[in-house]
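Residue-level structure breakdown
Here's the letter readout for the chains.
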Amino acid sequence: MNASNSSGTSDNRLLINLNSGFAVIGCAAALSNVILILVTRAYRQYIHRLQLYLAIVCFVLGLETLTVTTDTNGVEGGKWNDACAAIGYIGQHFGFSETFCIIWICIYVFMLAIFQNQQLRQLKYEILGLVIVFALPAALAWVPLLHRSYGLVGIWCWFKESPDELNVVYRLVFSHGSGILFHAISIILLSAVVVRLCK
C-alpha cells in the first residue's frame, strides 16, 4: 500500500517537474518575443501586433501552468478551493484567448493570401479582435466559475471530476468542442492558403 502511494507521488512529482520545465521554457520564449517586438518597435506593423497579443497570452498561460503544478498532497480532491478555482478560471480564459488569437492570425493570413484584402488592419477590426481574444473568453470562462465547477483534479486545477451534468458539459464543450472547432477552422483556412500559393 505504501509502495503504491509512493509510486503515485513519484509519478505526480515527475509530471509536475516536466510541466514546470516546459512552462519555464514557454514563458521565456513568450517574454523574449514580447521584449523583441517592443524594443524593435515592430508593433507598428499589424502582423507583429498579432504576434505580440499571442505572446502575451502564451506568457500568462505559462505562469498559470507554473502556478497550478504544485504538490497537492493532503488536499482533498472534492474540496472547493478558491485559489484552485481562480487558477482554473485563468487557465480556461487564456486557453480560449490563445485559440481565438491563433484563429485571428489564420483569418488574416487567409484574407491576405486569397483576397489580397488588408481591411482587417483597420483600427475598428483590431479593436473587435481584441474584444474577441480577451473579453469574450473572460465571459465564457466565468460561467463555470459561477457554478463552482473549477477545482482540483489530480495535480491540476480545472473542471472538477464529478457526475454533475454541468461539469460533463463544460468538459465536452470547453475542451473537446473548442479544440475540434479550432483545428477545423485553422486547417480549412491554412489549406486554402497553401492551395492558393501553390497555383
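The sections below set out a description of the structure shown in this document. In this text, all values refer to a predicted model and were calculated from it rather than measured experimentally. In this numbering scheme, every chain counts its residues from 1 along its sequence in written order. This being a predicted model, a pLDDT of at least 70 is required before a residue's local features are given, and a value of 80 or more before pairs of side-chain atoms are given or counted; all residues contribute to the totals for chains, interfaces and linings. Hydrogens and water molecules were not included; the side-chain quantities draw on all heavy atoms of the structure.

1. Concerning the pattern of salt bridges
It is possible for side chains bearing opposite charge to pair when their charged atoms get close. Basically, it comes down to this: For this document, the term salt bridge refers to a Lys or Arg side-chain nitrogen within 4 Å of an Asp or Glu carboxyl oxygen. Numbering of helices and strands starts at the N terminus; helices are DSSP runs of H or I of at least 4 residues and strands are runs of E of at least 2. Each residue is placed in one exposure class: buried if its accessible area under a 1.4 Å probe, protein chains only, is under 20% of its type's maximum, exposed if it is over 50%, and partly exposed if it falls in between.
Summed over the entire model, instances satisfying the criterion amount to one salt bridge. With a closest N to O distance of 2.7 Å, Arg49 and Glu126 form a salt bridge. Taken as a pair, Arg49 in helix α2 (residues 46-68) and Glu126 in helix α4 (residues 123-146) lie far apart in primary sequence, 77 residues in all. The two residues Arg49 and Glu126 agree in class, both being buried.

2. Considering the packing of helix α3 (residues 82-115) against α4
To keep it simple, the criterion reads: In this description, a line fitted to the C-alpha atoms serves as the axis of each element, helices being fitted only across the stretch in contact, and the angle between N-to-C directions of two axes falls anywhere from 0 to 180 degrees. Each angle gets one of four labels, with under 35 degrees taken as roughly parallel, over 145 as roughly antiparallel, 65 to 115 as roughly perpendicular, and the rest as oblique. Working rule for handedness: look at the near helix, and if it is turned counterclockwise from the far one by less than a right angle, call the crossing left-handed; if clockwise, right-handed. Following the grouping adopted for this structure description, the nonpolar residues are Ala, Val, Leu, Ile, Met, Phe, Trp, Tyr, Cys and Pro, the charged ones are Asp, Glu, Lys and Arg, and the polar ones are all others, Gly among them.
Between α3 and α4, whose axes approach to 8 Å, the crossing angle comes to 150 degrees. In terms of axis orientation, α3 runs roughly antiparallel to α4. By crossing handedness, the relation of α3 to α4 is classed as right-handed. When grouped by side-chain class, the residues that make up the contact of α3 with α4 number 19 nonpolar, four polar and one charged.

3. Some points on the nonpolar core
Quick reminder of the rule: Throughout, nonpolar core names a set of buried Ala, Val, Leu, Ile, Met, Phe, Trp, Tyr and Cys residues whose side chains join them through atoms within 4.5 Å.
Residues Tyr46, Leu50, Trp104 and Tyr150 are the most contacted members of the largest nonpolar core, which totals 19 residues. Mapped by element, the contributors of at least two residues to this core are α2, α3, α4 and α5 (165-198). Among the elements that take part in this core, α3 stands out by supplying seven residues, more than any other. Phe110, Ala113, Leu189 and Val193 belong to the second-largest nonpolar core, a separate cluster that totals six residues.

The values are spatial; any link to function lies outside them.
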